[in-house]
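# Reading the structure
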Amino acid sequence: MVGKVSERVLLREGLERTDNGMKLTSWPDVTPINQKNYYTDYMKRDDQFLALRLQSDATRDRLVQSARDRDRILSKPANGESFLPIPDLAEDDGAATPSAGIDPSRIIVIHPGSQNLRIGFASDALPKTIPSVLATKFPQTESDMYEALPRRQFEAKTTEQQYGEEWSKKYQKLCAELKSDMRANKRKVLPNSKELVQTFNRRAEAEIIQKHNDPLEIEWTDIKALEDSESPASCFIGNDALRVPDDSEPKFKLWWPIRNGWWNEDDYASQEHLFDDFETLLDKALRQELGLKTNSEWQQYSCVFVIPDLYDKKYVEQVLHSCMVWFEFNRVCFVQESMAATFGAGYTQACVVDVGAQKTSVTCVEDGLVIEDSRVNLKYGGFDITDTFVKMMLYDNFPYQEINLQRRYDFLLAEELKAKHCTMSQAEISVQLCQLHVRAPNQPTRKYAFKTYDEVILAPSGLFDPSIFDNSTKLRGRRKLVERSYNAYDVDIPDDPAPAAQLAILALVKPSITSIANGNSQLPHEVSTPSKEKPQFNFIAKGEGINGTPAESHAGSPAPEGSGTPAPPAFVFGSGKDGLNRDSPAPSVNRAAGTPIPGQASQASQPPSGPVDAPERSAASIAAERESVLPVVPLDVAILTSIQNAAKNDDKKLRDLLGSIMVIGGGSKIPQFTVVLEEKLKARRPGLIDRILVSRSARDMDEQVVAWKGASVFAKLPTNDSWISPFEYERLGERTLHHKVLWAW
């Protein structure tokens, strides 16, 4: 071992130690924190959020300005008279937001739908309603590009072959059930009514009416009236677009930016074209319907935008981007349809059933806020009734066999026939002689006489048996152009809302959805110790063909769609009074049908000996599989599913919601619709017959404009924290929605 070497030797060898006082690195020294006691206030104070800070600053500025105005009035009396000081108005939260004192005529309320766009000022009594469609120059019309609606095989020899044997059997089954139901209700039923209608329609001939003898001649759109006939971007919107002649030269094609309540990705080739058409539709509506001709005027207006209850986040973000960048509105805020509907009807608590043109939504609202787990979105509506009504009449030898809903004038004719003849009252079902006039461009008017019988009630009854609708193309093109939204912090997890009620509907349509969601999680009832079963509600009447209906998730609001998120289990159908199973051990079986509950049969017979290995699935693949399922179930089942997930086993809330079901939307304007819906619900829940009440909106308001009217009422509230300013959007972009919307984003 070498001993200590002297400094003289190190100096001679050139190895002496020197110290010039310089640090080894320029990085600052960080003192480790005490792990036992440390604290941070990062993102815990309101002044650390831009949205809340701006709101507080604006409130303070308003108070300072009001104090200055008061002092100025007191210091300068007019004509020697002193003014009395103006008392401060008492406010709920002590201070008003900058939304106080807004002129309602400076607020634009927009409610887009699949078939109609409603737009107007908040000060208007009713909105302007125009079809949500554009017509642009195109080599082919929509009737040339797509197969005819209703879909049928034109080369088929028999009627059953033309419409398919499966659909024909369904239709004949519905006819037989209606006949037996009418006889049970002591209604008069002629035995040969169907044959009378078919024979008359088969022999009916068209009567030609010359142009000078037609008092209701249609004004077709003059294609030379385009703003710039040479520009390919010039287009017609609304009623002008639907009245463009199909045989015009050059040809025009109709574009519908929204279909079935979401973006119409099937008809568009690019995302830019889709978004541009949507913005163009709103742009021309502002100019033509509201009289705001120049872009500079838009900056002086605020906008309230009505969005679906169960929305796609990408849709809301794109709307916000359009309002801020394209239209440059002064401020923007969002309100959900059901929440707006309760504002319009004056209800504090309701189950809102919105039957639209192509989608039906069911949502429970309490104290002005949507109950998130109760949201249900079904993909059928008034247009499906129109399509099925025409299909049933064609099956019964409707004299105008060439009708095609892809043609504009036929589409308007079919909507007119549905509004005029469809009903849900059995008292009006008899052989009826009707007339229709086919007014096509550049052709003489044709008058047809035809008879109807049970088609007028069977088509709208499809809301309670949607298998009669044509659902084959509603998912076509889904996610072709617009990707789903993903979590900002975990980019592999989708974060579009997934309410428990909607997952229950999907599990009813495709039971494997439940097993997929539960594949990687151990459910609490898999232990050997029996637990007390929570009450479950009977939503299916005895004798129905459906063996199970999914129930709510008892874990509160569901997390983002991931592999570990359990889906709601299947409903249990009990035999007790009002359909509740009390104090019964878990798991149980279906006593009424004697069939084990789906997903619980193996657990009832023998408990699992150990964890079952399930294949790992990514959250994105699970979300994609859920989106591949079309949410289509009977409307009464959807309503009861929504109410159960809103009530959360609270019997009082359950009864309150069952007694405040409000029906809105254009599809609900069919006569006696609310009466039939109430009867269906009472049949499902016989124990609560005296509690169930279905009503239309209050104040005799048109069901189609209730949501828009409620949004206009919401826009005029003196205290509203949900306004988004251009400055906030410039700094935060879409992230500002997290702090501004009135629900959990």
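Cut-offs used in this document
- Residues numbered from 1 in each chain as written.
- Predicted model: local features only at pLDDT ≥ 70, side-chain atom pairs only at ≥ 80, totals over all residues.
- Heavy atoms only, no water.
- UniProt positions renumbered as here; feature names shortened; annotations may be inferred.
- 1 Å grid on protein atoms, 1.4 Å probe; cavity = no way out; pocket = protein on both sides within 12 Å on 5 of 7 lines; lining within 4 Å.
- Points joined across faces, edges and corners; volume = space filled by probe spheres on them.
- Helix = DSSP H or I, 4+ residues; strand = E, 2+ residues; numbered from the N terminus.
- Nonpolar A, V, L, I, M, F, W, Y, C, P; charged D, E, K, R; others polar.
- Axes fitted to C-alpha atoms, helices over the stretch in contact; angles between N-to-C directions.
- Parallel < 35°, antiparallel > 145°, perpendicular 65-115°, else oblique.
- Left-handed = near helix turned anticlockwise from the far one by under 90°.
- Contact = heavy atoms within 4.5 Å.
- Buried < 20%, exposed > 50% of the residue type's maximum accessible area, 1.4 Å probe, protein only.
- Core = buried A, V, L, I, M, F, W, Y, C linked by side-chain atoms within 4.5 Å.

- The name given to the chain in an unreviewed UniProt entry is Chromatin remodeling complex subunit, and the organism recorded there is Drechmeria coniospora.
- The Sequence similarities (unreviewed entry) field of the UniProt record for the chain holds the comment "Belongs to the actin family."

## Some words on empty space enclosed by the protein
- Taken as a whole, this structure holds three cavities of 30 Å³ or more when the rule is applied.
- One number sums up the size of the largest cavity: a volume of about 460 Å³.
- Lining of the largest cavity is provided by 28 residues; of these, Trp262, Leu310, Asp312, Arg478 and Gln502 occupy positions nearest its centre.
- Among the elements of the structure, strand 9 (262-263), helix 15 (500-509) and helix 18 (619-627) are those that each provide at least two residues to the lining of the largest cavity.
- Across the lining of the largest cavity, the residue classes break down as 16 nonpolar, three polar and nine charged.
- Taken as a whole, the second largest cavity spans an internal volume of roughly 40 Å³.
- Lining the second largest cavity are Trp263, Glu265, Asp312, Lys314, Tyr315, Arg478, Arg479 and Val482.

## Brief notes about the packing of helix 8 (residues 271-288) against helix 10 (residues 313-326)
- For the pair helix 8 and helix 10, the least separation of the axes is 11 Å and the interaxial angle reads 55°. Taken together, helix 8 and helix 10 sit at an angle that is classed as oblique. Note that helix 8 runs across helix 10; the crossing there is right-handed. In this structure, helix 8 contributes Phe275, Asp276, Phe278, Glu279, Thr280 and Asp283 to the contact, and helix 10 contributes Tyr315, Gln318, Val319, Ser322 and Trp326.
- Class assignment for the residues of the contact of helix 8 with helix 10 results in five nonpolar, three polar and three charged.

## Some points on helix 22 (residues 706-715)
- Among the 10 residues of helix 22, eight are classified as buried, and the element is accordingly described as predominantly covered.
- For helix 22, the set of buried residues is Val706, Ala707, Trp708, Gly710, Ala711, Ser712, Phe714 and Ala715.
- Tucked inside the fold, the buried residues of helix 22 contact strand 1 (107-112), strand 2 (116-121), strand 10 (302-307), strand 11 (331-336), helix 11 (337-345) and strand 18 (661-664).

## As for the nonpolar core
- Residues Leu635, Ile639, Ile643, Phe673 and Leu677 are the most contacted members of the largest nonpolar core, which totals 81 residues.
- When residues no more than four places from it in sequence are discounted, the contact partners of leucine 677 are Phe464, Leu635, Ile639, Val663 and Val694.
- Counting 46 residues, the second largest nonpolar core, distinct from the first, contains Ile258, Leu320, Phe329 and Ile724.

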